[in-house]
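# Survey of secondary and tertiary structure
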Amino acid sequence: MNIRLTVRAEIDAELFDTNEYDRVQAIVKHSNGVVYTWKTTGHFNWLERGYKLADRLGFLVLPKQLPETIDLDDDPIGNNQI
């Protein structure tokens, strides 16, 4: 049986500013994790494995076994904007 499903999980992670490349590299080296880039465009948000240059908000170090792309909640739109 093959069923596709979405599993939501919470992972504590620190968001690094895009100018903290050296600090992120040091954490990756000592944590055995990988870098993800928090990407954003419009009100859409997601994580992509690796250092990405366009539409980036920051970097995170996460476990290696996660997928290449991770969907995040989108920003609220309309009257409910924060």
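A brief look at the structure comes next.

### With respect to unusual backbone geometry
Positive phi values are uncommon outside glycine, yet N32 reaches one of about 65°. Mapping N32 onto the fold places it in the loop between α1 (21-31) and β1 (34-41). One non-glycine residue, D55, adopts positive backbone phi at about 55°. Considering the arrangement of structural elements, one finds D55 in the loop between β2 (44-49) and β3 (56-62). By relative accessible area, which is 45% here, D55 ends up partly exposed.

Cut-offs applied
- Residues numbered from 1 in each chain as written.
- Predicted model: local features only at pLDDT ≥ 70, side-chain atom pairs only at ≥ 80, totals over all residues.
- Heavy atoms only, no water.
- Helix = DSSP H or I, 4+ residues; strand = E, 2+ residues; numbered from the N terminus.
- Buried < 20%, exposed > 50% of the residue type's maximum accessible area, 1.4 Å probe, protein only.

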